[in-house]
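Summary of the model geometry
Each chain, letter by letter, is given below.
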Amino acid sequence: MSVFTHLVAELGRLLQPVLAQSATAAAIVLFTVLVRLALHPLSRAAFRGATPVAGCLPTLLQLPVFFVMYRAFSSAEVGGAANELLGHRLFAAPLGSRWADALGEGGLFGAQGLVFLGLFAAVGVVAAWSAVRGRRAAAAAPAPGLPPALPAGGKGATRGGKGAPAGGKGGPAGRRAVSGAATAGARGSLAAPVELSAEQQAAMRKLGGVLPLLSFGTLITAALVPLAAGLYLVTTTAWSVAERAWLQHRKDRATRASAGEAAEGAAPAGAPAGVPAGAPAGAAAAGRSRSSL
C-alpha cells in the first residue's frame, strides 16, 4: 500500500501547480485511467467473448486496486508513518471523508455535502447512460426461440454451385439447380427453434429490465466508501461504459462494411452499372445498350 500512496502522492505533486488542493483527486482519476488502459486488451477479449474467464478478468483485477484505494484513504498510518493522503481535498471535502461525515459537518447542502452531491450526480449520469445502452442492446437482440438468419452466400449456395449440372452456372438449368440446392441447404442449415414457455419468456423480459438498473447500485457504494474510492468508482464505471460503446461502434461499422461488400459481390459479373442484381432480362439488355452509346 505504501507504493500506491507514494505513486498517488507523486502524481499529485506533478498536478499541483495547475489544480492546487484538488491535485491529489485528479491524480486518483489519472491513476484509474492508467489502470483501465492496462486492462483494455482484456476488455476487448471480453467484448468479443473469447473465453468465459475473459469477461470476469477486468472486474476481478480491479478489486485489489479498489481495496488498496479504500485502505489508503481509511488508515491513519501507512508503513508506520502518518498517512499524508488524508490531508488532501477535493474542493472543500477531504478525500478520506465519507458522506456521513459531510452531513455532520454542514448538512446536505454544506460545503462538503455539495462535493458529494456532485459525485452522486456524476455516478447517476453514468449509471443512466449504462442503463439506456443496456435496454437498447436488449431490444436489438433477437427474440428467444427464433432461428438465426442464413447469411447470403452461405454453405447451401456453395454446395449448390458445386452440384450444378453440365449446363454450367451461367445457363438457365445451372441457375435453377443452384437455386434449388441453395434453398435445400438453407432449410437444412437452420436449427429448430427453441420453444420457451410463457413463464420463461416473462422471466427473461423481467431480467432484461432489471439488469440495466444494477448500475445504479454504484450510488450506494459511493455513499459508503471514502471520497477517493468514490472517485475511482465513477471514473472506472464511466470508462467501462464508454469503452463498450466504442467497441460496439467499431463492430457495427465492420458489420456494415462486410454487408456492403457482400452486396456488391452478389451482383452478376456481366451486369452494367445501375442495373440491380436479379433485374429482368429486358432491363439488363436496355442497360447494355445505354452503356454502349
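The written sequence of each chain sets the order in which its residues are numbered from 1. Only residues with pLDDT of at least 70 are given local features in this predicted model, and only at 80 or more are side-chain atom pairs given and counted; all residues enter the totals for whole chains, interfaces and linings. Values reported for side chains reflect all heavy atoms of the structure, with hydrogen atoms and water molecules removed beforehand.

1. Re unusual backbone geometry
- A positive phi angle, close to 55°, is found at Ala20, a residue other than glycine.
- The helix and strand labels rest on DSSP assignments: H or I over at least four residues marks a helix, E over at least two residues marks a strand, and numbering proceeds from the N terminus. Relative to the helices and strands, Ala20 resides in the loop between helix H1 (2-19) and helix H2 (23-38).
- Look at Ala20 and you get partly exposed, because its relative accessible area is 45%.
- Even without glycine at this site, Phe91 takes up a positive phi of about 60°. Relative accessibility under 20% of the residue-type maximum defines a buried residue, over 50% an exposed one, and the middle range a partly exposed one, all with a 1.4 Å probe and only protein chains included.

2. As for the environment of Val3
- Structurally, the position occupied by Val3 is in helix H1.
- In this structure, the C-alpha to C-alpha distance between Val3 and Val78, residues 75 residues apart in sequence, is 10.0 Å.

3. Overview of the confidence of the model for the protein chain
- Confidence along the protein chain averages 75 in pLDDT terms, with 63% of residues attaining 70 or more.
- The quantity called pLDDT is the predictor's confidence in a given residue, expressed from 0 to 100. Every residue pair with non-hydrogen atoms within 4.5 Å of one another is taken to be in contact. Residue range residues 281-293 is modelled with pLDDT below 50. Its contacts to residues more than four positions away, or to other chains, number six contacts.

4. Focus: the packing of aromatic side chains
- Paired rings are identified among Phe, Tyr and Trp, the last through its six-membered ring, by centres lying within 6.5 Å, and are further divided according to the angle between planes into stacked (under 30 degrees), edge-to-face (over 60) and tilted (the rest). A full pass over the atoms with the stated rule returns four aromatic pairs.
- Considering the side-chain rings of Phe4 and Phe31, the 5.1 Å spacing of their centres and the 70° angle between planes classify their relative orientation as edge-to-face. Of this pair, Phe4 sits in helix H1 while Phe31 sits in helix H2, and the two are 27 residues apart along the sequence.
- Taking relative accessible area as the criterion, Phe4 reaches 9% and is therefore assigned buried.

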